[in-house]
Amino acid sequence: MAEFDYDLFVIGGGSGGVRAARIASQHGAKVGLAEEYRYGGTCVIRGCVPKKLLVYASTFSETFEDAAGYGWSGVDNASFDWPTLIANKDRELDRLEGAYLRNLEGAGVTAIRSRAVLESAHRVFLEAEDRHVTAKTVLIATGGTPNVDATLPGVEHVITSNEAFHLERFPERIAIAGGGYIAVEFACIFNGLGAETTLIYRGDEILRGFDDDMRTALHAEMERKGIKIICGDVFSKIEKTDACLMGHTRAGHVLAADQIMFAIGRRPNTDGLGLEAVGVEFDASGAIKVDEWSQTSVPSIYAVGDVTNRINLTPVAIREGHAFADTVFGGRPVKVDHRTVASAVFSQPEIGTVGLTEAEARAAVRVVDVYKTAFRPMFHTLSGREERMVMKLVVDGESDQVLGVHILGHAAAEMAQILGILLKKGVTKAEFDATIAVHPTAAEELVTMRQAPVRYVREAAE
Ligand code: NDP
């Protein structure tokens, strides 16, 4: 009889867990996976996928306006129905969840709909089935969960992105706390769908960690579209009246809103998993501490994805899950390279980014050349919309290597994907210059920036 029920037991059926389970099974392992909610995890069920569908929905209001300059009429009295959007979105998510489950089962994984809790280094308790299973290796892939400020008076009235996808009624007025990816993306979504939208952020400028030119330019574009942005402030109290919610801020603003949404970061989903009892160690942020092989302090237990708080992006979790399965079950040790990961903010306009920001580059190398252009995209010459596209190359002035590319504007995310390949290969500015443009596109600006750069030289420390 086998020593364990499974070679691998995965806790969490999101992007990272599902990929690890499938690949390990394909390598010949006997694999079980427990998911307490829905297969697909945050990305598919209440993150990237439904968010992008809502983004698409929210862009139509401007498209209808822009059409007039191109000779179209009759679209200016278009109306929007939130329940239709949500129902169609839910239908698509059901389809995707089914595909995830079929892929798992097709790969030979036993999928179990249950919460799973660790009891020892090799034993897991399945709550819904009131039974234990044993496994030679356990993978924790439980993702993250939205933070709220639990000490805030009236916090019970706020929603997070989890609930925003299922609101029964469209909020005519919404206030969103936070200045990161989720706050910015949802502010643009609700604004585009017609809500009176306020963003309230504690810092000086939204999207800390992104290139400063992208942050200020996006801020200006969001305000131009009608989003009210309050920086340097936080909610101090939420009150519920018969008519609406009243959000009081520390600086004395009182915001009347139908919904108040918190998007102030996410934390690793580790509560009640039994990790402490079996000796799994955490880092200062509460994430599971892992080494470069995604192995925890307990040798039989591994962890991938947001629960490890490395780079909290779906494709990174997928890569970590795949590398784990290849390493432990495929006889092929694979480490994930977490450098130069391209990403996007699906704001409106969107941001695509890869590599170092100007500030990071100036801290990292001695000479930095910055090439920057801001222009009105061709599409808006006839639409008449005042919207600027911004592109920026950050170059090592000594080696000529392109260290970072940052784009604000239509299709920036699509461009970032391709630029990610180039920057990973160590592309130089001279190679950008040697590339013939695709015309007429916005992206051609990337290979036609010939003006003298702004050069920053760091003096040697005394
Ligand atoms: P982020 O970490 O991006 O941003 C959190 C924001 O909340 C920051 O502006 C932060 O301010 C602010 N904040 C933190 N704590 C408080 C507090 N106590 N009171 C008020 N404000 C606070 O988190 P998100 O929730 O937006 O997104 C979580 C993660 O999900 C992202 O980091 C990203 O990895 C991933 N994600 C990726 C997307 C994409 O790729 N397009 C889309 C959505 C999410 P400060 O800057 O001052 O710290």
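Structure first, text after, so check above.
Just so we're clear, the structure is a prediction, and the values are computed from it rather than from any experiment.

Right, let's get into the sheet that holds strand β13 (residues 254-257). Hydrogen bonds between backbone groups are what pair the strands of a sheet, and the pairing can be parallel or antiparallel. Taken together, the three strands give an open sheet; going across it, the order is β11-β12-β13, and neighbouring strands pair in antiparallel fashion. Looking at strand neighbours, the two that pair on one side only are β11 (235-240) and β13, the edges of this open sheet. The average angle at which neighbouring strand axes cross in this sheet is 20°, direction not considered. Relative to β13, strand β12 (residues 245-249) runs antiparallel, the two being bridged by four bridges. Residue pairing across strands places L245 opposite A257, the latter belonging to β13.

Attention now moves to the pairing of strand β6 (residues 131-140). Here strand β1 (residues 6-11) pairs with β6 via five bridges, running parallel. For I11, the partnering residue across the bridge sits in β6 and is I140. Here four bridges tie strand β5 (residues 123-126) to β6, and the two strands are oriented antiparallel to one another. Bridge pairing links R123 to T134 in β6. Hairpin remark: β5 followed by β6, antiparallel, with four residues in the connecting loop; positive phi at D130, about 50°.

A surface patch of nonpolar side chains, about 470 Å² in accessible area, is lined by Y70, W72, F379 and L382. Note that Y70 resides in the loop between α3 (48-67) and α4 (82-106).

This paragraph deals with the packing of aromatic side chains. Evaluation of the coordinates by the stated rule reveals 13 aromatic pairs. Plain terms: the ring middles of F170 and F190 are 6.0 Å apart, the flat faces sit at 40° to each other, and that makes the pair tilted. Note that F170 is positioned in the loop between α5 (161-164) and β8 (173-177) and F190 in helix α6 (residues 181-192), a separation of 20 residues in sequence. Exposure remark for F170: the relative accessible area of 15% places this residue in the buried category. The class of F190 is buried, set by a relative accessible area of 0%. These aromatic residues form a ring-pair network of at least three members: F80, W82, F165, F170, F186 and F190. Above the ring of Y456, the side-chain terminus of R362 is found at 3.6 Å from the ring centroid.

Turning our eyes to something else, we now look at the pattern of salt bridges. One pass over the full model with this rule turns up 34 salt bridges. Here R385 and D66 are joined by a salt bridge, their closest N and O atoms 2.9 Å apart. Of the two residues, R385 sits in the loop between α11 (379-383) and β20 (389-396) while D66 sits in helix α3, which places them 319 residues apart along the sequence. Comparing R385 with D66 shows no difference in burial state: the two are buried. In this structure, D369 and R455 form a salt bridge, with 2.8 Å as the shortest nitrogen-oxygen distance. Residue D369 is located in strand β19 (residues 367-375), and its partner R455 is located in strand β22 (residues 454-457); the two are separated by 86 residues in the primary sequence. Residue class for D369 comes out buried when judged on its relative accessible area of 6%. Counted as one network, the salt bridges with shared partners bring together E62, E65, D66, K225, R385 and E387.

Moving on, we come to the sheet that holds β8. Overall, parallel pairing links the four strands, which are arranged β10-β9-β8-β14 in an open sheet. Strand pairing shows two members of the sheet lacking a second neighbour, β10 (228-231) and β14 (259-262), which therefore form its edges. In this sheet, neighbouring strand axes are inclined to one another by 15° on average, regardless of whether the strands run parallel or antiparallel.

Glancing now at the site of the ligand. Around the ligand, the surrounding shell holds 19 residues, and the nearest of these are Y201, R202, R208, N312 and A344. In the model, an oxygen atom of the ligand is placed 3.2 Å from a nitrogen or oxygen of the G180 main chain. For the ligand, an oxygen atom lies 3.3 Å from a polar atom in the backbone of Y181. The fraction of the free accessible surface of the ligand (910 Å²) that becomes covered by protein chains is 75%. For the shell around the ligand, the leading source of residues is α6, giving three residues.

Before going further, it helps to examine the side chain of E358. Note on placement: E358 falls in helix α10 (residues 358-364). Of the polar contacts made by the side chain of E358, one reaches the side chain of R362; its length is 2.9 Å. If sequence neighbours within four positions are ignored, E358 has contacts with D211, D213, V370, K392, V394 and Y456.

Inspection of the entire model under this criterion finds zero disulfides. Considering cysteine sulfurs only, C231 is the nearest to C188, which forms no disulfide, with 14 Å between them. Given a relative accessible area of 26%, C231 falls into the partly exposed group.

Given 3.6 residues per helical turn, the α-helix brings residues three or four places apart onto the same face. Counted at 1.5 Å a residue, the expected span for helix α7 (residues 212-224) with its 13 residues is 18 Å, and the 18 Å between its end C-alpha atoms agrees. Considered for burial, the residues of α7 that qualify are D213, M214, R215, A217, L218, H219, E221 and M222. Just past α7, the residue G226 takes up positive phi, approximately 105°.

Quick look at α3 now. Over its 20 residues, α3 runs 28 Å from end to end, which matches the ideal 28 Å to within 8%, given 1.5 Å per residue. The sharpest bend along α3 reaches about 30° and sits at S61. Taken together, the buried positions of α3 are occupied by P50, K51, L54, V55, A57, S58, E62, D66 and A67. Tucked into the core, α3 has its buried residues touching α2 (41-46), α4, α6 and α11.

Reading the values: the criteria
Residues numbered from 1 in each chain as written. Predicted model: local features only at pLDDT ≥ 70, side-chain atom pairs only at ≥ 80, totals over all residues. Heavy atoms only, no water. Pairing = 2+ DSSP bridges. Helix = DSSP H or I, 4+ residues; strand = E, 2+ residues; numbered from the N terminus. Axes fitted to C-alpha atoms, helices over the stretch in contact; angles between N-to-C directions. Patch = residues over 30% accessible without salt bridge, like charges linked within 9 Å, V, L, I, M, F, W, Y side chains within 5 Å. Areas by Shrake-Rupley, 256 points an atom, 1.4 Å probe, with all protein chains shown as cover. Salt bridge = Lys/Arg side-chain N within 4 Å of Asp/Glu carboxyl O. Phe/Tyr/Trp six-rings, centres within 6.5 Å; stacked < 30°, edge-to-face > 60°. Buried < 20%, exposed > 50% of the residue type's maximum accessible area, 1.4 Å probe, protein only. Lys NZ or Arg CZ within 6 Å of the ring centre and 35° of its normal. Near = heavy atom within 4 Å. Polar contact = N/O pair within 3.5 Å; in protein donor to acceptor, adjacent residues only side chain to side chain. Contact = heavy atoms within 4.5 Å. Disulfide = S-S within 2.5 Å. Expected span 1.5 Å × (residues − 1). Bend = angle between axes of the 7 residues up to and from the residue.

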